[in-house]
Amino acid sequence: MSTKKKLIVVGNGMTGYKFCEKFIEKGLSKIYDITVFGEEPWAAYDRVHLTDYYTGTSVRDLKMAPREWYEENGIELRTSYKITSVDRDKKIAYNQHGDEFTYDTLVLSTGSDAFVPPIPGVDKKGVFVYRRIEDLDAIKEYVTNAKSAAVIGGGLLGLEAAKAVMDDGLKTSVVEFAPRLMPRQLDDDGSNMLKSELEKLDLDILLSKNTKSINGNGKVTAMEFADGSILETDMVVVSAGIRPRDELARECGLTVGERGGILVDETMRTSDPSIFAIGECALALGSIWGLVAPCYDMADVCANNLLGEEAKFEGADLSTKLKLIGIEVASFGDAFGVTEGAKPIVFHNIPNGIYKKIFISEDGKHLLGGILVGDAEDYNMLYQTYASKIKLPANPEGLIIKSDGGGFELSVLDLPDEAVICSCENVTKKSLIEAVDEFDFTQVGQLKKATKAGTGCGGCVPMLDDLLTAKLEASGKVVKKVICEHFDYTRQELFDLIKVEEIKTYPELLKKHGTGSGCEICKPLSASLLASIWNEHITKHSNIQDTNDKFLANIQKGGTYSVVPRIAGGEITPDKLIVIGQVAKKYDLYTKITGGQRIDLFGAKVEELPEIWKELIEAGFESGHAYGKSLRTVKSCVGSTWCRYGQQDSVSFALKVENRYKGLRSPHKLKGGVSGCIRECAEARGKDFGIIATDKGYNLLLCGNGGANPKHALLFATDLDEETCIKYLDRFLMFYIKTAAPLTRTAKWLDNLDGGIDYLKEVVIEDSLGICEQLDKDMEKLVDTYACEWKKVVEDPEMIKKFRPFVNSDATDDSIKFTPMREMKKPANW
Amino acid sequence: MTDTATIKWIEVAPLSEFEVDGGKAVIIEGKQIAVYYFQDRDEWYATDNECPHQKQQALSRGMIGSDGDEPKVACPFHKKSFSLKSGKCLSGEDYEINTYPVKVEGDLVYIGLD
Ligand code: SRM
Ligand SMILES: Cc1cc2nc3c(=O)[nH]c(=O)nc-3n(C[C@H](O)[C@H](O)[C@H](O)COP(=O)(O)OP(=O)(O)OC[C@H]3O[C@@H](n4cnc5c(N)ncnc54)[C@H](O)[C@@H]3O)c2cc1C
Ligand code: SF4
Ligand code: FES
């Protein structure tokens, strides 16, 4: 029998977990045996990043710690156990089955629930909250049959939930009771700016709306407001605030606040000295604290008090920064300027959607707080300036207005030692610097692991990065972006080494310039360098390629592959269309017209790839390189051959361009477009290179893309003839291939290029670097050595053998499963 | 250490069938096993072919390499890495895969099963 005292923790959420961590760290296990009860079926997970679960991260990835962690540390964790009552006299807690658990000390970390206002109809099918994994599973299932959604609540969480359902393709509206968005963080101007930016993204924002009822026969079909208006919607997500879970505390007679929450003193003790309450269920200093940082603080304070050390919860700063659908919003300190004598400085850039407002103290010496919408890049630094009370310069407007040279540049190293860089984990600048010094860290990952900084909400990670870089630079260490642990070189340096020393294989490169056996970072990178320098067949380096390049096809869910033949410019003959249909039918492939004007055939087993390609190649098709970092498509519109507005024959030119650059290997994929007139039906401005016909020739636009960070291509030259256009393109592409970092699209590359598009013009048109002749030659060589890589495979029995799923059997991989869908098939869910 | 006496060695395929500095899958009584060969170290390893992350039969199609001295494979789907010696996940998660002994005799490769 253990002689230790018994500690019970009720609730295994983020706070409950943090308490366990502190419990172990502080050696409380010498005094107590600890048992943790959690009502949810999972061990504590990261609720802050719950939306990542919605977009595909597994529960496992979201866990704060695996179950083994609890085991290894002697913590008894019982999930799916709900504590339903407590007998405080006998010191016994009971679960839903009536089992008894005695305790000496009880810690309540029961968190909160979503607050659901008592609107008639909230119990209808199709009304959800956004708080737990189960909620998200239920939403995810329901959206498949919904076209529109409404989110009640325009606060932080409501907007996050709105983004998630909107990304699932639903027409989404946000309904807010207050006259502005994020009423606790933003002022009217800030809210207006955020609103108009969100509206640009097709999110509907309804302010000052009081929901009277949720209508529908059994399931939601509409919402009705107090002003009589009606919003039709297929589902409703309620995110109108939180309600502390104090029902257990009420049941056993602990004092609770008038508006809910378990009343605690500064040591986190409830009205019963053997019972503590921490996290979102606790009413501390008169408030419910709905952010992780203060909740973690409470866990720490509670653990210290259990040790017999006096510790007090002192409240916390509610500063926040978040990124909503690519729009940054932050608010910190005295965001509304309520401090006596506070003086505002405002920067309002309506066309670019930027609003910044800061308040400085009456004597102009200190920053009091502020609001940032549209550009919160400086948030961390501003927050530190405020929190560490750093003395302001004479021109404090430099804090938010960055004119050349005029800005107020504060380095992380200037911050005082006690500055708290990570507020979730309470890590100071001093302890970070000490960690860097002690362990000679060179990567942020190492610093995070050692100090836990940046592992909570993650908002301080950019600052950790700055700190590490500044520290390394200050100690005279050259900071260079080396590729990985195996090569102490940058991509550019490796490129030069390969070229100058005529290195032809990866093992040779590793032996001469690297260490170890390589990895999934340096191998494909070297493969891409070797391929773009020597333009050899990609399968020659098959074992250092991503699986996509290895099997010349994209791997998809379930382990099947897709087949994308090139259909240059989107032009295809009826006969070739028929062949695609026949092949798809024969091999039972799912077919879809892609966003790149061609046809993708999905669901091919690895051993079928060579046969499928053999049939396609016999009919005159070639690889579409959908698997490589290489030219994808050059989209075209019908142009002057058919279209009444067409200025030039855009299809013929697109074909010419696509066929010229097919097979080209590059740092990232490349896409082009040729439009027959300014109506721009080929969406050329959204491509890495866009060509738009004019009455005199073609305008060339460079460095655009769609994707995650859309950018319009910039005008590079006007009214070019086809030959000049191709000459400029050759040089531009070659220059990009030679100088861009891996996985950098052209837009990002241009962003980092000093001098931008004007500099690019100098290099390509005026030959300011004197390299054009070389660029021309290099491109000519690549074009001349092109060969369809699939053709080579299907002609070579040795290569075909590589596509067998097992080396010891001719069996097919029967772990691959499909389910039927709309007369075709799809892979079974994972 | 595995007790060699209890290992059942199964002949799988000739050396030439395997990939240099890469992986290949074999199937033994319906179970998929991935076999890897490092030329520079002249070392062979075998693990489950199934990646525990999304239960995909995929590891043999991943890239191999090293993390410090530890030989490893990275899953082609989401790049989770596993030690080929211990089977432990090196990307900071609590996944683990089974590893199996491999031996080469003459030009044949054998996998050891319990
Ligand atoms: C099939 C297709 C979607 C469709 O059903 O239409 C598609 C499918 C994939 N896209 Fe895409 N993209 C497709 C058009 C696009 C477009 C539209 C376009 O090309 O006009 C875009 C935005 C335009 C752009 O790239 O600038 C697009 C932006 C992306 C991105 C984001 C790139 C970025 O810079 O942010 C990725 C991720 C990446 O490449 O790293 C991606 C990656 C992928 C991958 C390779 C993801 C993967 O690894 O599995 C998908 C592979 C499909 C397969 O197995 O073949 N796909 N993808 C389209 C194939 C076009 C083609 O014929 O080759
Ligand atoms: C979508 C979303 C995004 C968020 N984003 C941020 C953010 O960016 N930044 C930030 O600081 N905060 C954010 N938060 C808030 C943050 O998640 C909470 O502050 C934090 O989770 C509070 O932790 P907790 O442990 O106190 O409560 P909870 O996480 O709610 O955990 C309480 C646990 O106790 C269990 N429980 C309750 N009663 C019992 C019982 N009787 N018996 C057994 N178990 C019980 C519950 O089931 C639950 O698992 C976000 C929250 C959500 C929902
Ligand atoms: S096809 Fe493109 S947009 Fe669609 S899921 Fe795949 S990567 Fe994402
Ligand atoms: S399936 Fe292997 S990493 Fe996701």
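Residues numbered from 1 in each chain as written. Chains lettered and ligands numbered in written order. Predicted model: local features only at pLDDT ≥ 70, side-chain atom pairs only at ≥ 80, totals over all residues. Heavy atoms only, no water.

A. Spatial organisation of the overall build of chain B. Scanning chain B from terminus to terminus reveals 0 helices and 12 strands. Going from N to C terminus, chain B has its helices and strands arranged as β-β-β-β-β-β-β-β-β-β-β-β. Here chain B holds 114 residues, and the buried ones make up 59% of them. Counting only contacts in chain B whose residues sit at least 6 apart along the sequence, the fraction spanning at least 24 positions is 41%. Only carbon and sulfur atoms are counted for the fraction: they give 44% of the accessible area of chain B, which is about 5000 Å². (Helix = DSSP H or I, 4+ residues; strand = E, 2+ residues; numbered from the N terminus. Buried < 20%, exposed > 50% of the residue type's maximum accessible area, 1.4 Å probe, protein only. Contact = heavy atoms within 4.5 Å. Areas by Shrake-Rupley, 256 points an atom, 1.4 Å probe, with all protein chains shown as cover.)

B. Spotlight on the interface of chain B and chain A. Taken together, the 39 residues of chain B in the interface contact 39 residues of chain A. For the interface between chain B and chain A, the tally reads 5 salt bridges. If you look at where chain B meets chain A, you find 18 residue pairs in polar contact (both at pLDDT 80 or more). For the side of chain B that touches chain A, the secondary structure elements donating two or more residues are strand S1 (8-14), strand S2 (22-28), strand S3 (31-38), strand S6 (56-57), strand S7 (63-67) and strand S8 (70-74) of chain B. In terms of residue class, the side of chain B that touches chain A is made up of 15 nonpolar, 11 polar and 13 charged. (Salt bridge = Lys/Arg side-chain N within 4 Å of Asp/Glu carboxyl O. Polar contact = N/O pair within 3.5 Å; in protein donor to acceptor, adjacent residues only side chain to side chain. Nonpolar A, V, L, I, M, F, W, Y, C, P; charged D, E, K, R; others polar.)

C. The packing of aromatic side chains, seen in detail. A complete count under the given rule lists 29 aromatic pairs over all chains for this structure. Ring centres of phenylalanine 735 of chain A and tryptophan 749 of chain A lie 5.8 Å apart, and the angle between their planes is 75°; on these two criteria the pair is classed as edge-to-face. Placement of phenylalanine 735 of chain A in helix H21 (residues 722-739) and of tryptophan 749 of chain A in helix H22 (residues 746-752) is noted, with a sequence separation of 14 residues between them. In this pair, the class of phenylalanine 735 of chain A matches that of tryptophan 749 of chain A, namely buried. Members of the aromatic cluster, joined through ring pairs, are Phe551, Tyr561, Trp613, Trp790 and Phe803 of chain A. The positively charged end of lysine 140 of chain A is found above the aromatic ring belonging to tyrosine 54 of chain A, 4.1 Å away from the centroid. One Lys or Arg, arginine 41 of chain B, reaches over the ring of phenylalanine 38 of chain B and ends 5.3 Å from the middle of that ring. (Phe/Tyr/Trp six-rings, centres within 6.5 Å; stacked < 30°, edge-to-face > 60°. Lys NZ or Arg CZ within 6 Å of the ring centre and 35° of its normal.)

D. Fine view of the site of ligand 1. All names here are of chain A. Every one of the 19 residues lining ligand 1 counts as a neighbour, but Gln556, Ser562, Gly595, Arg598 and Gly706 are closest to it. Between ligand 1 and arginine 598 there is a distance of 2.6 Å, counted from an oxygen atom to a side-chain nitrogen or oxygen. Contacts to ligand 1 include aspartate 600, whose side-chain N or O atom sits 2.7 Å from an oxygen atom. Per-class residue counts for the shell around ligand 1 are 2 nonpolar, 10 polar and 7 charged. (Near = heavy atom within 4 Å.)

E. Inspection of the site of ligand 2 at higher detail. Residues and elements named next belong to chain A. Every one of the 31 residues lining ligand 2 counts as a neighbour, but Glu39, Glu40, Arg47, Arg131 and Glu280 are closest to it. Backbone polar atom of methionine 14 to an oxygen atom of ligand 2: 3.1 Å apart, as the coordinates give it. Within the contact set of ligand 2, an oxygen atom lies 2.6 Å away from a side-chain nitrogen or oxygen of glutamate 40. Computed on the free molecule, ligand 2 has an accessible area of 1000 Å², of which 94% lies beneath the protein chains in the complex. With 3 residues, the single largest contributor to the shell around ligand 2 is helix H1 (residues 14-25). For the shell around ligand 2, a count of residues per class yields 10 nonpolar, 12 polar and 9 charged. Composition of the shell around ligand 2 by domain shows at least three residues from each of domain 1 (5-112 + 244-306) and domain 2 (127-240). (Domains from an automatic or database assignment.)

F. Inspection of the sheet that holds strand S4 (residues 83-87) of chain A at higher detail. All names here are of chain A. Taken in spatial order, the 3 strands of this open sheet run S4-S5-S6, and their pairing is antiparallel. Each of the sheet's edge strands pairs with one partner strand only, and the pair in question is S4 and strand S6 (100-102). If you compare each strand with its neighbour and ignore which way they point, the axes differ by 25° on average. Of the strand pairs in this sheet, strand S5 (residues 92-95) and S6 are connected by 3 bridges, and their pairing is antiparallel. Its bridge partner lying in S6, isoleucine 92 is registered against threonine 102. (Pairing = 2+ DSSP bridges. Axes fitted to C-alpha atoms, helices over the stretch in contact; angles between N-to-C directions.)

G. Region of interest: helix H24 (residues 772-784) of chain A. Residues and elements named next belong to chain A. The first and last C-alpha atoms of H24 sit 18 Å apart over 13 residues, in line with the 18 Å expected at 1.5 Å per residue. All of the buried residues in H24 are Cys772, Leu775, Asp778, Met779 and Leu782. Taken end-on, H24 shows its buried residues confined to a sector of 125°, consistent with a single buried face. Exposed residues pointing more than 90 degrees away from the buried face of H24 are listed as Glu773, Lys777 and Asp784. Among the structural elements, helix H14 (491-500), helix H16 (522-534), helix H20 (650-661), H21 and helix H23 (756-764) are those in contact with the buried residues of H24. (Expected span 1.5 Å × (residues − 1). Arc of directions from axis to C-beta.)

H. Structural context of the packing of H14 of chain A against H21 of chain A. Residue and element names in this part refer to chain A. At a minimum axis separation of 9 Å, H14 and H21 run at an interaxial angle of 105°. Taken together, the axes of H14 and H21 lie roughly perpendicular to each other. For the pair H14 and H21, the contacting residues are Arg491, Gln492, Phe495 and Lys499 in the first and Ile737, Lys738 and Thr739 in the second. Across the contact of H14 with H21, the residue classes tally to 2 nonpolar, 2 polar and 3 charged. (Parallel < 35°, antiparallel > 145°, perpendicular 65-115°, else oblique.)

I. Molecular detail of the confidence of the model for chain B. Residues and elements named next belong to chain B. In this model, chain B carries an average pLDDT of 89, and 96% of its residues clear a pLDDT of 70 or more. Taking the mean pLDDT of every element in chain B, the minimum, 90, falls on S6 and the maximum, 96, on strand S4 (residues 43-48). As scored by the predictor, the complex reaches a pTM of 0.55 and an ipTM of 0.69. (pLDDT = per-residue confidence, 0-100.)

J. Here's a closer look at the nonpolar core. Core analysis: the largest hydrophobic core is formed by 51 residues, its most contacted members being Leu7, Phe19, Ile34, Tyr70, Leu108 and Met268 of chain A. The element that contributes the greatest number of residues to this core is helix H9 (residues 292-306) of chain A, accounting for 6 residues. Once residues within four sequence positions are removed from consideration, leucine 108 of chain A is found in contact with Val10, Leu248, Ala249, Leu254, Ile262, Ile275, Phe276, Ala277, Ile278 and Cys281 of chain A. Within the second largest apolar cluster, 45 residues are counted, among which are Tyr587 and Trp790 of chain A together with Phe38 and Ile97 of chain B. (Core = buried A, V, L, I, M, F, W, Y, C linked by side-chain atoms within 4.5 Å.)

K. Inspection of the sheet that holds strand S37 (residues 714-720) of chain A at higher detail. Residues and elements named next belong to chain A. A sheet is described by the order of its strands in space; here 5 strands give the open sequence S33-S34-S35-S36-S37, paired in mixed fashion. Strands with a single pairing partner mark the edges of an open sheet, and in this sheet they are strand S33 (631-636) and S37. Sheet twist, expressed as the mean angle between neighbouring strand axes with direction ignored, is 15°. Note that S33 and strand S34 (residues 670-675) share 4 bridges and pair parallel. By the bridge assignment, lysine 635 is partnered in S34 with glycine 673.

L. Summary view of the side chain of arginine 131 of chain A. Residues and elements named next belong to chain A. Tracing the sequence through the fold places arginine 131 in the loop between strand S9 (127-129) and helix H5 (133-143). Classification of arginine 131 as buried rests on a relative accessible area of 12%. Engagement of the side chain of arginine 131 in a polar contact is seen with the backbone oxygen of serine 112, the distance being 3.2 Å. A polar contact is formed between the side chain of arginine 131 and the side chain of glutamate 280, at a distance of 3.0 Å. Not counting chain neighbours up to four residues away, the residues in contact with arginine 131 comprise Tyr45, Arg47, Leu50, Ser112, Asp113, Ala114, Leu136, Ile242 and Glu280.

M. Seen up close, the pattern of salt bridges. For the coordinates displayed, the defined rule picks out 59 salt bridges over all chains. Of the charged contacts in the structure, one is a salt bridge between glutamate 615 of chain A and lysine 586 of chain A, with a shortest N-O distance of 2.5 Å. On the criterion of sequence distance, the pair formed by glutamate 615 of chain A in helix H19 (residues 609-618) and lysine 586 of chain A in helix H18 (residues 574-586) is long-range, its members being 29 residues apart. The class of glutamate 615 of chain A is partly exposed, set by a relative accessible area of 25%. Here glutamate 17 of chain B makes a salt bridge to arginine 804 of chain A, at a shortest N to O gap of 3.2 Å. Taken together, the residues glutamate 17 of chain B in the loop between S1 and S2 and arginine 804 of chain A in the loop between helix H26 (797-801) and strand S38 (818-821) connect one chain to another.

N. Looking closely at the pairing of S8 of chain B. Residues and elements named next belong to chain B. Within S8, 4 of the 5 residues are buried, which leaves the element mostly enclosed by the surrounding structure. Where S7 meets S8, 5 bridges bridge the pair, whose relative direction is antiparallel. Following the sheet pairing, serine 66 is matched in S8 by proline 71. The turn linking S7 back onto S8 is made up of 2 residues, and glycine 68 within it adopts a positive phi angle of 65°. Note: S8 against strand S9 (residues 81-83), 3 bridges, orientation antiparallel. By the bridge assignment for S9, lysine 72 is matched with serine 83. Between S8 and S9, which follow one another and run antiparallel, lie 6 residues, and lysine 79 among them has a positive phi close to 60°.

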